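# Tertiary structure, described
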Amino acid sequence: MGFSFRNATNSTLFISFGYFNLLCRPTTFVKTGWYRVDPGQTRQVWSGFVGGQTFYYYAEDAFGRRWAGQFFTQVPSTPYRWCWDTGCSTCRTVGFRGIRLGLLVANFTLTLTAIRSASKSAGPEALPSKGISSLRKIPTGMPGRKVGRPLLGGRTSNRLWLTKK
């Protein structure tokens, strides 16, 4: 059981995600990254039951494609695990997308793809963003008790960001 990302693009993705955590106040969400996911690879980032949870994610690749949304926060280029409202002087601001999972969902894989396939999709897919809205939101909601945990191993520096400077 868990929450995973599948890379259905032709390039390596660097992914950050956020999850509910009562220890972070006032936003009660944690953000963590960077998970490197090579083409065709699936990486699990959360272990345990995911039903009723809300997750947030941001991804990018070397072609400038971003899977982004309207939930803005600061992220560093190095591996991190911070409360949502934590930032730094060398961070950049990115927008995360939110996804709320149904109460009966035990296991969930989100497929990140560059274009929609002509054939039927095997599961949920997220297309890259055309731009980031100027509307600023912060995560809200208070799912039930915590029934899983983030998998923090295998995180890496976001090499795409480091080479853009």
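Residues numbered from 1 in each chain as written. Predicted model: local features only at pLDDT ≥ 70, side-chain atom pairs only at ≥ 80, totals over all residues. Heavy atoms only, no water.

## Points about the pattern of salt bridges
- Counted according to the given criterion, the structure contains three salt bridges.
- Between R92 and E60 there is a salt bridge; the shortest N-O distance is 2.7 Å. Residue R92 is located in strand β9 (residues 92-100), and its partner E60 is located in strand β5 (residues 54-61); the two are separated by 32 residues in the primary sequence.
- Taking relative accessible area as the criterion, E60 reaches 2% and is therefore assigned buried.
- A salt bridge links D61 to R65; the nearest nitrogen and oxygen atoms lie 2.6 Å apart.
- Note on D61: relative accessible area 0%, which makes it buried. (Salt bridge = Lys/Arg side-chain N within 4 Å of Asp/Glu carboxyl O. Helix = DSSP H or I, 4+ residues; strand = E, 2+ residues; numbered from the N terminus. Buried < 20%, exposed > 50% of the residue type's maximum accessible area, 1.4 Å probe, protein only.)

## Quick look at the state of the cysteines
- For the coordinates displayed, the defined rule picks out two disulfides.
- Cysteine pairing in the protein follows 1-2, 3-4, where each cysteine in a disulfide is numbered by its order in the sequence. (Disulfide = S-S within 2.5 Å.)

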